[in-house]
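# Survey of secondary and tertiary structure
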Amino acid sequence: MAVKRKLIEVSLPLEAINRESAREKSIRHGHPSTLHLWWARRPLAAARAVLFAQLVDDPSSDDTLTEEKQRIERDRLHRMIEQLVVWENTCDEKLLEAAHQEILKSTNGNPPPILDPFAGGGTIPLEAQRLGLEAHASDLNPVAVLINKALIEIPPKFKDQPPVFPGLADTRNSWKGAEGLAADVRAYGDWMRDQAQQRIGHLYPKATLPDGTTANVIAWIWARTVTCPNPACRAETPLTRSWWLGKKKGKEAHIAPNVVHSQSGTHITFAVVDGPPVNPAVADAGTVGRTGATCVACSTGIPLQYIKEQGRERALGTVLMAVAAEGSRRRIYLSPTADQVSAAAVPIPAHSVEGTLGYYPRDLKAPTYGLTHFVDLFTARQLQALTTLSDLVVEARERLLSDTAHHSLARSRPAEEYADAIATYLAMALSRTLNKSTSINTWDSSPKMEAVRGLFARQAIPMAWDFAEANLAGGSSGDYGNDLNWVASVLERHYVTATATSTARQADAAQVLTSGVLVSTDPPYYDNIGYSDLSDFFYVWLRRSLRDVHPELLSTMLVPKAEELVANPYRHDGKDGAKRFFEDGFRQVFANAREQALRDFPITVYYAFKQSESDLTGTASSGWETLLEGMIRSGWQITATWPMRSELSNRMIASGTNALASSIVLSLRPRPEDAPMVDRRGFIKALQAELPDALRKLQQGAVAPVDLPQAAIGPGMAVFSRYSGVIEPDGSKMTVRSALARINEILDEVLNEQEGDLDPTSRFAIAWFKQHGYQSGSYGDADSLARARNTSVDVMDRDEILTSRAGKVQLLRPSDLPASYDVATDSHTSNWEAAHHIIRVLESEGINQAGVFLRQAKARADAAVDPDQVKELGHLLYRVCEAQGWTKEAISFNTLVTSWPDIVAASRDHSLQTGHAQGAFDFTDEEN
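Residues numbered from 1 in each chain as written. Predicted model: local features only at pLDDT ≥ 70, side-chain atom pairs only at ≥ 80, totals over all residues. Heavy atoms only, no water.

Right, let's talk about helix H19 (residues 708–721) for a bit. Between the first and last C-alpha of H19 there are 20 Å, a value that for 14 residues agrees with the 20 Å anticipated at 1.5 Å per step. In H19, a bend of some 30 degrees at Pro 715 exceeds every other bend along the element. In terms of burial, H19 is a largely internal element, 13 of the 14 residues being buried. (Helix = DSSP H or I, 4+ residues; strand = E, 2+ residues; numbered from the N terminus. Expected span 1.5 Å × (residues − 1). Bend = angle between axes of the 7 residues up to and from the residue. Buried < 20%, exposed > 50% of the residue type's maximum accessible area, 1.4 Å probe, protein only.)

What follows covers the pairing of strand E9 (residues 265–274). Bridging between strand E8 (residues 253–262) and E9 involves 10 bridges; their strand directions are antiparallel. The partner of Pro 257 across the bridge, within E9, is Phe 270. (Pairing = 2+ DSSP bridges.)

Bringing empty space enclosed by the protein into the picture now. Summary: where empty space remains is shown by rolling a probe the size of a single water molecule over the atoms. Here the structure, examined in full by the defined rule, presents 10 cavities of 30 Å³ or more. Estimates place the volume of the largest cavity at around 110 Å³. Of all elements in the fold, only helix H16 (574–596) and helix H17 (622–633) reach the threshold of two or more residues within the lining of the largest cavity. By volume, the second largest cavity amounts to about 70 Å³. Around the second largest cavity, the lining residues are Ile 221, Thr 240, Arg 241, Ser 242, Trp 244, Leu 245, Ile 255, Met 321, Trp 443, Ser 445 and Asp 466. For the lining of the second largest cavity, the residue count by class is six nonpolar, three polar and two charged. (1 Å grid on protein atoms, 1.4 Å probe; cavity = no way out; pocket = protein on both sides within 12 Å on 5 of 7 lines; lining within 4 Å. Points joined across faces, edges and corners; volume = space filled by probe spheres on them. Nonpolar A, V, L, I, M, F, W, Y, C, P; charged D, E, K, R; others polar.)

By the element assignment, Ala 40 lies in the loop between helix H1 (14–24) and helix H2 (44–55). Residues Ala 40 and Pro 524 lie 484 residues apart in sequence; the distance between their C-alpha atoms is 9.5 Å. Non-local contacts of Ala 40, meaning those with residues more than four positions away in its chain, are made with Gln 459, Asp 522, Ile 529 and Tyr 531. (Contact = heavy atoms within 4.5 Å.)

This part covers the pattern of salt bridges. On inspection of all chains with the given rule, the structure shows 49 salt bridges. Residues Arg 594 and Glu 673 are paired through a salt bridge, measuring 3.4 Å at the closest nitrogen-oxygen approach. One end of the pair, Arg 594, is in helix H16; the other, Glu 673, is in the loop between strand E23 (663–670) and strand E24 (677–679), with 79 residues separating them in the sequence. Glu 728 is the salt-bridge partner of Arg 680, the closest N and O atoms lying 2.8 Å from each other. Of this pair, Arg 680 sits in helix H18 (residues 680–700) while Glu 728 is found in the loop between strand E25 (725–727) and helix H20 (736–756), placing the two residues 48 residues apart along the sequence. (Salt bridge = Lys/Arg side-chain N within 4 Å of Asp/Glu carboxyl O.)

Strand order in the open sheet formed by seven strands is E17-E2-E1-E18-E19-E23-E22, with mixed pairing between adjacent strands. Strands with a single pairing partner mark the edges of an open sheet, and in this sheet they are strand E17 (503–506) and strand E22 (636–644). On average, adjacent strands in this sheet sit at an angle of 20 degrees to one another, irrespective of strand direction. As judged from the two bridges shared by strand E1 (residues 114–116) and strand E18 (residues 518–521), these two strands associate in the parallel manner. Looking across to E18, one finds that Leu 115 is bridged to Val 519. Across the sheet, helix H6 (residues 142–157) lies against strand E2 (135–139) and E17, angled at about 170 degrees from E17, the strand it touches most. (Axes fitted to C-alpha atoms, helices over the stretch in contact; angles between N-to-C directions.)

This part takes up the nonpolar core. Among soluble globular proteins, nonpolar side chains are generally buried collectively. In this structure, Phe 52, Leu 426, Phe 537 and Trp 642 are the most contacted members of the largest nonpolar core, which totals 238 residues. Among the elements that line this core, the one with the most residues is helix H12 (residues 415–434), at 13 residues. Those residues in contact with Phe 52 that lie beyond four places of it in its chain are Leu 77, Met 80, Ile 81, Leu 84, Ala 99, Glu 102, Ile 103 and Leu 131. (Core = buried A, V, L, I, M, F, W, Y, C linked by side-chain atoms within 4.5 Å.)

Laid out in structure tokens, this is it:
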């Protein structure tokens with residue numbers, strides 16, 4: 001029995017997936033990524049679409065369907081995915097049930113469990129669970145495992161359960177999903193906050209405003225200081241990257257240093273000045289840069305090496321420069337006062353966190369300046385507050401045990417299990433607080449922010465010279481109460497399914513793979529991110545709060561590192577050793593996966609590339625080629641490659657061939673052990689036979705022209721990787737790089753062949769466009785070209801496709817076409833003309849009117865306008881613009897293709913005239 005191809009191996013509505021993946025980054029409250037920080041998460045939308053398409057059959061697998069019926073069915077599945085990826089639909093039970101039923105239909109009612117052996121932030125297991133599938137997450141990193149437990153393991157255990165906090169359950173008639181969990185997180189978290197206020201509230205005094213009233217402090221702005229090396233000065237000079245506090249126009253504020261000479265020496269004081277500085281450039285520059293600092297008192301240059309040495313000798317000091325207080329409409333900035341300084345002068349608690357930061361100078365900058373232990377990353381006041389909150393997590397769990405024992409919940413679940421669950425979320429809220437509560441958090445003075453930046457603004461623990469100490473009870477960024485709300489919001493919006501139990505466990509990816517599970521995973525990529533070294537920052541605090549809750553998971557002093565699949569040159573004998581360690585480990589994982597793979601389903605692997613390297617043959621991504629080569633060598637056949645974009649700002653035209661998106665999803669199946677070999681000629685012949693049909697299916701889906709070359713690699717590599725080897729004329733095996741070059745050549749051939757299917761006018765216009773774009777050329781050349789394609793310049797001039805004046809011929813841009821044009825009455829409409837008018841209407845009037853235009857064009861009795869060919873024309877012309885570097889024109893053709901599903905939908909929507917609209921989740925065949 002032939003293996004059925006899955007949708008992911010044929011076609012995806014890629015543009016809709018990428019659009020929603022990018023949009024997802026602007027969604028915060030309730031998004032699972034806000035539960036606990038993790039690095040380089042994949043968008044939920046992409047994971048949901050990939051899992052659905054990985055399990056659902058492509059219509060081409062049904063031999064009873066004609067090609068047209070297959071296309072109609074594929075369009076229906078695409079529309080379902082387009083709805084699934086929308087954030088607002090993530091809790092729509094009707095839609096998710098429809099998706100689950102679709103999966104059941106393609107899996108004989110028995111879908112396989114999903115396993116992500118590199119689960120990280122939990123995106124893939126969570127989305128598997130959302131689709132009604134059994135999900136299993138594993139990771140070597142205990143912080144990642146804890147995140148996955150909080151997302152997929154804990155909520156189903158307490159589905160629809162009321163909260164246990166005294167008196168809270170009776171405030172509502174019913175509790176759905178994880179709402180009870182969320183309510184208890186808020187209630188016990190509020191209790192913690194109130195207890196903390198009693199114990200350490202005095203450490204956070206209010207600020208006295210100029211009018212004598214008081215206000216909450218948002219943050220204290222400090223600077224590290226270094227003793228000036230000039231023997232005649234020796235001032236404790238501030239190290240600050242900027243003097244700005246706020247840059248909002250009309251409400252600017254900055255710090256002004258003042259040098260005071262006295263008998264006891266030279267001192268520097270600070271005053272807040274409202275308004276912009278006299279010299280903004282000086283304010284921007286501060287006192288310290290990449291090469292060193294400048295003394296404020298005597299202007300002596302201070303080498304960076306000297307500052308490092310002082311840091312390592314624990315000789316750097318700190319000084320309060322300003323206080324940011326809460327105002328009714330803006331931040332109020334105040335000069336430092338003695339009482340604000342003294343409030344921070346507290347002893348370091350005796351029993352805080354333990355451990356030292358790893359050695360990874362690229363990502364861990366702080367240790368090079370003497371901040372080597374985790375306690376060094378915090379002020380004494382921060383340590384007092386965070387230690388108190390950590391202790392209160394333990395105390396809250398004890399209170400929960402007592403409250404749960406007398407609650408009806410105890411009949412279905414042990415009290416310890418529920419208390420452990422709530423304590424886990426309370427500790428995760430503290431992790432959120434940690435991200436804004438270190439001595440290396442900086443103040444963001446930009447007009448839209450004026451707030452404390454998170455520590456992990458990028459994937460590193462940097463060094464900070466001036467820093468912002470957040471008020472843990474100030475009601476703003478860094479406030480524990482706010483962080484509780486973020487965690488509770490995730491639970492309130494959590495879609496809790498009633499599927500089989502999902503699990504999260506700590507395991508080595510190479511050993512966790514077993515038969516009967518389907519892999520979808522986002523593995524680490526070389527040295528992109530030092531997960532273990534970075535996550536130690538959270539781990540030491542989570543361990544302090546939850547060691548008794550998760551004793552096995554949090555048993556080690558720091559996160560395990562030796563077996564972590566990351567190319568860390570400081571851990572594996574330099575760059576070459578690290579590369580070898582990563583590639584060997586990667587191949588081992590996927591060789592093991594190959595042995596356990598399910599016959600009926602492809603696995604999916606996300607690839608997050610980093611760099612490309614240039615050589616004599618041009619620019620190529622060495623990591624991308626290494627990945628493909630490694631997968632093929634491990635016995636996999638690559639059946640699809642889909643570029644996933646999660647950034648709105650990706651450039652439209654990228655240099656080089658097959659420019660990569662932010663990540664790529666590969667679909668892979670095991671290659672048979674007896675796979676044959678083929679010579680170069682046979683490989684190219686197979687490409688020429690199979691790539692045209694695969695390309696048409698890609699074009700029928702919503703694949704942007706900018707993504708088409710990358711998506712076309714999938715069916716091309718499917719041909720290449722199904723052989724055990726492709727033999728070159730000299731007897732050597734063809735490399736992946738050479739295969740990619742051949743795939744691109746055939747891709748160009750196929751696009752050129754599509755040109756031959758067009759009407760004569762369109763073929764003329766394409767040929768002229770390749771030579772001149774929208775610029776003019778000679779009439780003689782145009783006339784010869786037109787005659788060869790059985791048309792004439794004069795006719796095309798009358799049809800307003802081009803202008804022919806004074807011996808010069810020039811194609812009309814979409815914006816030059818007349819708005820009064822009526823496609824229903826034009827007797828000579830070509831696909832070129834239709835495409836340009838649709839672009840004109842799309843850019844000036846929007847998708848609905850472009851759809852009306854398409855409907856009128858399709859209704860013509862002569863059927864001169866072929867919608868498929870109009871879309872193919874958009875792909876072809878984008879390719880021309882890409883080669884020529886015509887960015888503006890390329891954007892127009894890319895937009896035409898990416899908007900095509902919406903234009904087609906609008907063309908079918910007769911409600912624009914009759915008031916009838918299709919239901920939002922009507923996924924029935926259009927002909928039924």
